[in-house]
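Here are the chains, one letter per residue:
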Amino acid sequence: MAIAREAGPVGSIHEVREAGLDRDDLLGVYRNMLITRGVEERGHILYRQGKIPGSFYTGRGNEAAAVGVATAMSSEDVGTPLHRDMGVHITRGVEPWRIFANYMGRVDGPARGRDGNVHMADQQLGMIAMVSHLPAMLPVAVGCALAFRIREEPRVAVGWFGEGASARGDAHESMTFAGTRRLPMVFVCDNNQFAYSTLTQYEYATEHVADRAQAYGFEGVVVDGTDVLAVYREAKRAIDKARAGGGPTLVECLTLRMEGHAVHDDAFYVPKQMFEKWAESDPIERFRTWLRDNAEMTDSEEDDIAASVKKLLISSLERADESPQPDPATLLDGVYATPEDLDTPHHK
Amino acid sequence: MAELTYLQAISDGLRTEMRRDKRVFLIGEDVGVYGGAFKVSQGFQEEFGPWRVIDAPLAETAIVGGATGAAIMGLRPVAEMQFADFISCAWDHLVTIAAKQRWRAGTPVPIVVRLPSGGGFSGGPFHSQNPESSFAHIPGLKCVCPATPEDAKGLLISAIEDPNPVLYFEHKHLYRRIKGEVPEERYTTPIGKARMHQEGSDISVITWGAMVYTAEEAAQQLDADGVSVEILDLRTVMPWDKAAVLESARKTSKVLVLHEDTRTGGFGAEIAASISEEAFEDLDAPVKRIAAPDTPVPFSPVLEKAFIPQVDDVVAGLRELAAY
């Protein structure tokens, strides 16, 4: 039996306005979702062309969850997005050419060739680069929230994890600490139904991951992760509450990982009917329809957005391809930080 | 100058930095109301308040991971492990995130993890270890192991000031046993510089932590034999003062590397290998290592004595080298 609150869909544009988004914002959200998917689709092509070393991961199906939460964050908030959360990087303003450069291991990627795929972040835009040990980013996000609490700043930290990552102790320790201290923290679980190939029933025994929140002393909410407006509304509520001193919330976004764990994985273990069912609620198509039905998005607006995204992606690919390879002579640089490295806005 | 115990010197260093820099805070299990398991932070919560002396849940992952996040946001966390042994629970956060974030993502992580380490009081396998070698092997981490009260204060201040993750190993056996003059004002002890504990001309002992005093007692016995022993206290294991080690090795031509951690893959192996590579021509004897045997730390006093290098073991090793 569910303990978490099960959030419903967003109905009208009035409800959206109340939640803080005007019509231009809505078109911006749509554009960010298109860029998110476009970056990953083109990344996949680059991979097939042999231009991306290592492996390649996408978050297809998770665009609404990622963009919805990131849209609810303020510029002063920070987050630790993971490998299905490209939409967070896009929404917070990372330029796509730098993401392509990162995919290709070039010096203009945020990781400068030292780490690949989505293991990157622009700290100036309030993100911290993820590691492969996915739940390990949660305590780091909690530490950011702790810093905000200690300094009494009205800022919020958002920590992402998957239903797979929810199984590890890091998630428990993070929620225990954030809950006991009522830190300004929002936990976002992208529950995409498969941890690599493992079913949810082998990751958690409750109905929802968010059901656990009550045990940590805060609210859990389950939301349809393909509904960008519902995700936005719930994330906004949670962030506002955290900012006001109300403590953490666990927001669980239900999605389906529409591709394999990574490019090598054909996801044979996912029933075909499941893909077909979830494809009917494709987050981008769903929001496009909503915009036409509720916000009077016109043909020409839709075409303009699609054309500008296409143009952006093409020029980004060209620019990324011009980015140099890293110089092996720099390999030893920066293993240790220098005092000058602390000369950032955060360390003032 | 005041005479302080090693433990008081650690408190003094921490208090000095917390008074000077409001970004510095302490987080750990029982560090607040109780003042820390060893009372290093006694009275701190009264002075600095509950949000700068934070009683954490029993969750080392949250403590070290949380310190990392707070550091990235501009604070200067000092995280206390109740015993160095418990750092195993936070290995991932030190090694996977804190150590690599600067190199990988350009994000410095200025945290200090205080690690009460070392044996000699029947603490058994989980309250006695000296895990510095494991962390010295990880690029991106620094490891300091003060032996004197003066260095305990100066190295703690340096560690807090340092823009990197620094593991500060404080030897429990020295806490109340060792006293010394400690300047009252703020000062730093450089990370990466060894300290000449005593000069000598015939044999060099390279060591750190509590073993400095074991070496000192052994050297007194050798002195009676007419053998002059030099003791170089490494003070920091990563980065380590290779130049000072090589200089001492070239001066005496005979070297004993001594540590309380287990032998195989211990940091002494790195020191011995470096001397062999870079000062081979100056040696009159093979570099000798004395370390704990490759077992967990035993509980029984009889067994523990057999485990931790004793003065007699060092005397025997020095005599062997003297006769070579």
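This text gives an overview of the structure that appears in the document. Predicted model, so just to flag it, every value in this text is computed and none were measured.

Section: the overall build of chain B
The secondary structure content of chain B amounts to 12 helices and 14 strands. For chain B, the C-alpha radius of gyration of 19 Å lies close to 20 Å, the compact-globule estimate for 324 residues. For chain B, the spread of C-alpha atoms along the three principal axes comes to 60 × 40 × 40 Å. When burial is assessed residue by residue, chain B has 66% of its 324 residues classed as buried. Intrachain contacts of chain B at a sequence separation of at least 6 include 83% that bridge at least 24 residues. With the model as given, the accessible surface of chain B reaches about 11500 Å², and the carbon-plus-sulfur share is 51%. Within chain B, one finds 31 positive and 45 negative side-chain charges whose respective centroids are separated by 5 Å.

Quick look at the overall build of chain A
Looking only at helices and strands, chain A features 11 helices and 8 strands. Computed over its C-alpha atoms, the radius of gyration of chain A comes to 20 Å, within 12% of the 20 Å expected for a compact globule of 348 residues. With the principal axes as the frame, chain A shows a C-alpha extent of 55 × 50 × 40 Å. Residues counted as buried form 58% of the 348 residues belonging to chain A. Taking all contacts inside chain A whose residues are at least 6 apart in sequence as the whole, residues at least 24 apart take part in 76%. Surface summary for chain A: the accessible area is close to 14200 Å², and the carbon and sulfur share equals 52%.

Points about the sheet that holds strand 12 (residues 236-238) of chain B
Residue and element names in this part refer to chain B. An order of 3-2-4-5-7-6-12 is seen for the 7 strands of this open sheet, with the pairing classed as mixed. What marks the edges here is a single partner per strand, and that holds for strand 3 (53-55) and strand 12. Each strand axis lies, on average, 20° off the axis of its neighbour in the sheet, ignoring direction. Looking at chain direction, strand 4 (residues 76-80) and strand 5 (residues 112-117) are connected through 3 bridges and run parallel. Bridge pairing in strand 5 places Glu 80 opposite Arg 114. In the packing of helix 7 (residues 149-161) onto the sheet, contacts are made with strand 2 (24-28), strand 4, strand 5, strand 6 (142-144), strand 7 (166-171) and strand 12, and the angle to strand 7 comes to roughly 160°.

Considerations on the interface of chain A and chain B
The interface is formed by 44 residues belonging to chain A together with 45 residues belonging to chain B. The junction of chain A with chain B conceals about 3900 Å² of combined surface from both sides, 63% of it contributed by carbon and sulfur atoms. Applying the counting rule to chain A against chain B returns 3 salt bridges. The partner of A:Arg168 in a salt bridge is B:Asp92, and the shortest N-O contact between them spans 2.9 Å. Applying the counting criterion to the chain A and chain B interface returns 22 residue pairs in polar contact (both at pLDDT 80 or more). Looking at the side of chain A that touches chain B, the elements that each hand over two or more residues are helix 6 (137-151) and helix 7 (169-180) of chain A. Per element, the largest residue contribution to the side of chain A that touches chain B is 11 residues, and it comes from helix 6 of chain A.

Brief notes about helix 4 (residues 91-98) of chain B
Buried residues dominate helix 4 of chain B, accounting for 7 of its 8 residues. For helix 4 of chain B, the full list of buried residues reads B:Asp92, B:His93, B:Leu94, B:Val95, B:Thr96, B:Ile97 and B:Ala98.

Some thoughts on helix 10 (residues 267-278) of chain B
All names here are of chain B. For helix 10, spanning 12 residues, the distance from its first C-alpha to its last is 17 Å, which sits close to the expected 16 Å at 1.5 Å a residue. Of the residues making up helix 10, those classed as buried are Phe 267, Gly 268, Ile 271, Ala 272, Ser 274 and Ile 275. Buried residues along helix 10 cover an arc of 160° about the axis, so they all sit on one side. On its buried face, helix 10 is in contact with helix 6 (132-136), strand 10 (203-207), strand 12, helix 9 (242-252), strand 13 (255-262) and strand 14 (288-292).

As for the packing of aromatic side chains
Per the counting criterion, the structure on display carries 17 aromatic pairs over all chains. Here A:Phe194 and A:Tyr269 contribute two aromatic rings whose centre-to-centre distance is 5.7 Å and whose plane-to-plane angle is 50°, an arrangement assigned as tilted. Placement of A:Phe194 in strand 5 (residues 194-195) and of A:Tyr269 in the loop between strand 8 (249-254) and helix 9 (272-279) is noted, with a sequence separation of 75 residues between them. A:Tyr269 carries the same exposure label as A:Phe194, and that label is buried. Where B:Phe83 meets B:Phe86, the ring centres are 5.8 Å apart and the plane angle is 70°; that geometry is what we call edge-to-face. Given the relative accessible area of 12%, B:Phe83 is considered buried. Above the plane of the ring of B:Trp51 lies A:Arg181, whose end atom (NZ or CZ) is 5.3 Å from the centre. Over the aromatic face of A:Trp97 sits the side chain of A:Arg319, whose NZ or CZ is 3.7 Å from the ring centroid.

Considering the pattern of salt bridges
Residues and elements named next belong to chain A. By the definition in use, this model includes 46 salt bridges over all chains. A salt bridge links Arg 288 to Glu 285; the shortest N-O distance between them is 2.9 Å. You can see Arg 288 and its partner Glu 285 sitting in helix 10 (residues 283-294), 3 residues apart, about one turn around the helix. Linked through salt bridges whose partners overlap, the residues forming this network are Arg 5, Glu 15, Glu 219, Arg 233, Glu 234 and Arg 237.

What to know about the side chain of B:His259
All names here are of chain B. Looking at the element boundaries, His 259 is found in strand 13. Here His 259 falls in the buried class, since its relative accessible area comes to 2%. A polar atom in the side chain of His 259 sits 3.0 Å from the backbone oxygen of Asp 261.

Quick word on the packing of helix 2 (residues 23-48) of chain A against helix 11 (residues 299-322) of chain A
Residues and elements named next belong to chain A. Relative to each other, helix 2 and helix 11 sit at 40°, their axes nearing to 9 Å. In terms of orientation, helix 2 lies oblique with respect to helix 11. Like other packed secondary-structure pairs, helix 2 and helix 11 cross with a definite hand, here right-handed. Contact residues: helix 2 offers Arg 23, Leu 27, Tyr 30, Arg 31, Leu 34, Ile 35, Gly 38, Val 39, Arg 42 and Leu 46, while helix 11 offers Glu 301, Glu 302, Ile 305, Ala 306, Ser 308, Val 309, Lys 310, Leu 312, Leu 313 and Leu 317. Looking at the contact of helix 2 with helix 11 residue by residue, the classes come out as 12 nonpolar, 2 polar and 6 charged.

Concerning the sheet that holds strand 11 (residues 229-233) of chain B
Residue and element names in this part refer to chain B. Here 5 strands make up an open sheet; going across it, the order is 9-11-10-13-14 and the pairing mixed. One side of each edge strand has no neighbouring strand; the edge strands of this open sheet are strand 9 (195-198) and strand 14. Taking each pair of neighbouring strands and ignoring which way they run, the sheet shows an average axis angle of 25°.

Section: the environment of B:Ala272
Looking at the secondary structure, you find B:Ala272 in helix 10. Taking the C-alpha atoms as reference points, B:Ala272 and B:Val255, 17 residues apart in sequence, are found 8.5 Å from one another.

Focus: the pairing of strand 10 of chain B
Residues and elements named next belong to chain B. Within strand 10, 5 of the 5 residues are buried, which leaves it mostly tucked inside the rest of the structure. Alternating positions in strand 10 separate into two faces, Ile 203, Val 205 and Thr 207 on one and Ser 204 and Ile 206 on the other, with burial throughout. Here 5 bridges tie strand 10 to strand 11, and the two strands are oriented parallel to one another. Opposite Ile 203, over in strand 11, you have Val 229 as the bridge partner. Once you follow strand 10 into helix 8 (residues 211-224) and on to strand 11, the crossover reads as right-handed. The sheet contact formed by strand 10 and strand 13 spans 3 bridges and is parallel. Pairing of Ile 206 across the sheet is with Val 257, part of strand 13.

Rules of the game
- Residues numbered from 1 in each chain as written.
- Chains lettered and ligands numbered in written order.
- Predicted model: local features only at pLDDT ≥ 70, side-chain atom pairs only at ≥ 80, totals over all residues.
- Heavy atoms only, no water.
- Helix = DSSP H or I, 4+ residues; strand = E, 2+ residues; numbered from the N terminus.
- Rg over C-alpha atoms; globule rule 2.2 N^0.38 Å.
- Buried < 20%, exposed > 50% of the residue type's maximum accessible area, 1.4 Å probe, protein only.
- Contact = heavy atoms within 4.5 Å.
- Areas by Shrake-Rupley, 256 points an atom, 1.4 Å probe, with all protein chains shown as cover.
- Lys, Arg positive; Asp, Glu negative; His and termini not counted.
- Charge placed at Lys NZ, Arg CZ, Asp CG, Glu CD.
- Pairing = 2+ DSSP bridges.
- Axes fitted to C-alpha atoms, helices over the stretch in contact; angles between N-to-C directions.
- Buried area = accessible area lost by both parts, 1.4 Å probe.
- Salt bridge = Lys/Arg side-chain N within 4 Å of Asp/Glu carboxyl O.
- Polar contact = N/O pair within 3.5 Å; in protein donor to acceptor, adjacent residues only side chain to side chain.
- Expected span 1.5 Å × (residues − 1).
- Arc of directions from axis to C-beta.
- Phe/Tyr/Trp six-rings, centres within 6.5 Å; stacked < 30°, edge-to-face > 60°.
- Lys NZ or Arg CZ within 6 Å of the ring centre and 35° of its normal.
- Parallel < 35°, antiparallel > 145°, perpendicular 65-115°, else oblique.
- Left-handed = near helix turned anticlockwise from the far one by under 90°.
- Nonpolar A, V, L, I, M, F, W, Y, C, P; charged D, E, K, R; others polar.
- Right-handed = clockwise from strand over helix to strand, strands pointing away.

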